[in-house]
Amino acid sequence: MKPVFESISPPPSSSLKAFFQEKDEFDAPWHFHPQFELTFILKSSGLRYVGNSIENFEDNDLILLGPNLPHCWKNVGPQINKAQAIVIQWDLDLLGKDWLRQPEFTHIKRMLDLSEKGIRFDKLFAAEIKDIFIRMLKMESFEKLMCFLNLLDLMADQVQFQTLCDHNFAIMTASQQSERINSVYQYVRQHYGTKIRLEDIAGHLHMSEENFSRFFSKVMKKTFFIFLNEFRLNMACKQLIETDLQVKQISYACGYETLPFFFRQFKRFKQISPLQFRLKYHKIEGD
């Protein structure tokens, strides 16, 4: 089966995405994404697919996945309880470019390098740190980030772990397709504040505009410009929360050429104006 690309964006107020998942059964398709992922199965059992690895899983299954590594968890047979998991996802440049090259993160970098094959941690260790995952969900963004770094530090010191994929396994996410989507993702991250034309992004991938549009819509199930607009709006939300910049400044910084167009797009996708969004967030934060 061909893995599906999943687009992931952290919430506007955080550098990472951490969430609790509860379902009748795990229904995510075989998929991949450019972010690292740490998944803690709280309650559930079945089969876990990671790369070319297929294993049984149960409670306290703790898995670290590298970027673009295809994966999914599937329940097998009747389930007594709902399937529950805590998932944390983050980008390679979580703390800025080359942060993993700093000496303090050497052991964490070693672990993250291994994660390209998928890592399964010892269940006893997972049970010991389970409460950290649960508590982290309720933390504010800065506290959550610090807790997450401490968590990576604990995990990187473990000697009881197993890589999941065969040593000669290479990510073949229709590999050219995976590389192209990753390249689009990185290009948008670097250039979202400037005007991006279809010919620019198509040329970056050495494709014609027509072929690129067809390719992107097929993989992402949306057009490139809808994707770009959603990305810019997410970055605008981040700036509305984290800075005191005027809305006009933020709109231009996020690549919008006119303020009215920015307002229309923001209200269309967020169902609220930029100013109302900022006031609402600060009111919640104040409470």
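Conventions adopted
- Residues numbered from 1 in each chain as written.
- Predicted model: local features only at pLDDT ≥ 70, side-chain atom pairs only at ≥ 80, totals over all residues.
- Heavy atoms only, no water.
- Salt bridge = Lys/Arg side-chain N within 4 Å of Asp/Glu carboxyl O.
- Buried < 20%, exposed > 50% of the residue type's maximum accessible area, 1.4 Å probe, protein only.
- Helix = DSSP H or I, 4+ residues; strand = E, 2+ residues; numbered from the N terminus.
- Expected span 1.5 Å × (residues − 1).
- Polar contact = N/O pair within 3.5 Å; in protein donor to acceptor, adjacent residues only side chain to side chain.
- Contact = heavy atoms within 4.5 Å.
- Axes fitted to C-alpha atoms, helices over the stretch in contact; angles between N-to-C directions.
- Parallel < 35°, antiparallel > 145°, perpendicular 65-115°, else oblique.
- Nonpolar A, V, L, I, M, F, W, Y, C, P; charged D, E, K, R; others polar.
- 1 Å grid on protein atoms, 1.4 Å probe; cavity = no way out; pocket = protein on both sides within 12 Å on 5 of 7 lines; lining within 4 Å.
- Points joined across faces, edges and corners; volume = space filled by probe spheres on them.
- Core = buried A, V, L, I, M, F, W, Y, C linked by side-chain atoms within 4.5 Å.

**Some words on the pattern of salt bridges**
All chains considered together, the criterion is met by 15 salt bridges. In this structure, R48 engages E55 in a salt bridge whose closest nitrogen and oxygen atoms are separated by 3.0 Å. Across the pair, exposure class does not vary: R48 and E55 are buried alike. Taking the shortest distance from any N to any O, the salt bridge between R48 and D61 comes out at 2.9 Å. You can see R48 sitting in strand β5 (residues 46-50) and its partner D61 sitting in strand β7 (residues 61-65), a full 13 residues away along the chain. For the pair R48 and D61, one class covers both residues: buried.

**Regarding helix α7 (residues 224-242)**
For α7, which comprises 19 residues, the first-to-last C-alpha distance of 27 Å matches the rise-based estimate of 27 Å (1.5 Å per residue) to within 8%. For α7, the buried fraction is high: 14 of the 19 residues fall into the buried class.

**Description of the side chain of E55**
The residue E55 is located in strand β6 (residues 53-57) in this model. Among the polar contacts listed, one links the side chain of E55 to the side chain of R120, at a separation of 3.3 Å. Separated by 3.4 Å, the side chains of E55 and Q162 make a polar contact. Apart from the residues lying within four places of it in its own chain, the contact partners of E55 are G46, L47, R48, R120, Q162 and L164.

**Considerations on the packing of helix α1 (residues 106-114) against helix α3 (residues 141-156)**
Each pair of packed helices can be summarised by the angle the axes make with each other and by the distance between the axes. It is the contact of α1 with α3, at a shortest axis distance of 9 Å, that shows an interaxial angle of 75 degrees. It follows that α1 is roughly perpendicular to α3 by the angle criterion. Residues H107, I108 and M111 of α1 form the contact with α3, whose participating residues are L149, L152, D153, M155 and A156. The residue makeup of the contact of α1 with α3, split by class, is six nonpolar, one polar and one charged.

**Describing empty space enclosed by the protein**
One pass over the structure, following the stated rule, counts one cavity of 30 Å³ or more. Here the largest cavity is characterised by a volume of approximately 30 Å³. Taken together, I8, P10, S15, K17, Q35, Q89, W90 and D91 make up the full set of residues lining the largest cavity. Of the residues contributing to the lining of the largest cavity, the split by class is three nonpolar, three polar and two charged.

**Remarks on the environment of K43**
Checked against the element boundaries, K43 lands in strand β4 (residues 36-43). When sequence neighbours within four positions are dropped, the list of residues in contact with K43 reads D59, K82, A83 and Q84.

**What to know about the nonpolar core**
One finds V184, F212, F216 and F224 to be the most contacted residues of the largest nonpolar core, which totals 37 residues. Of all the secondary structure elements, the ones that give two or more residues to this core are α4 (175-191), α5 (198-204), α6 (209-220), α7, α8 (247-253) and α9 (259-270). For this core, the element with the most residues is α7, which contributes ten residues. Residue contacts for F216: discarding those within four places in its chain leaves I181, V184, K221, K222, T223, F224 and F227. Judged by nonpolar contacts, the second largest core, of 35 residues, contains W90, L112, M136 and L152.

**Quick word on the environment of F57**
Here F57 lies in strand β6. Each C-alpha atom of the pair F57 and K74 lies 9.2 Å from the other, and the pair is 17 residues apart in sequence. The contact partners of F57, leaving out residues within four places of it in the chain, are F26, I41, S44, S45, G46, L47, R48, W73, K74 and N75.

In short, the description is geometric, and any link to function would need to be established separately.
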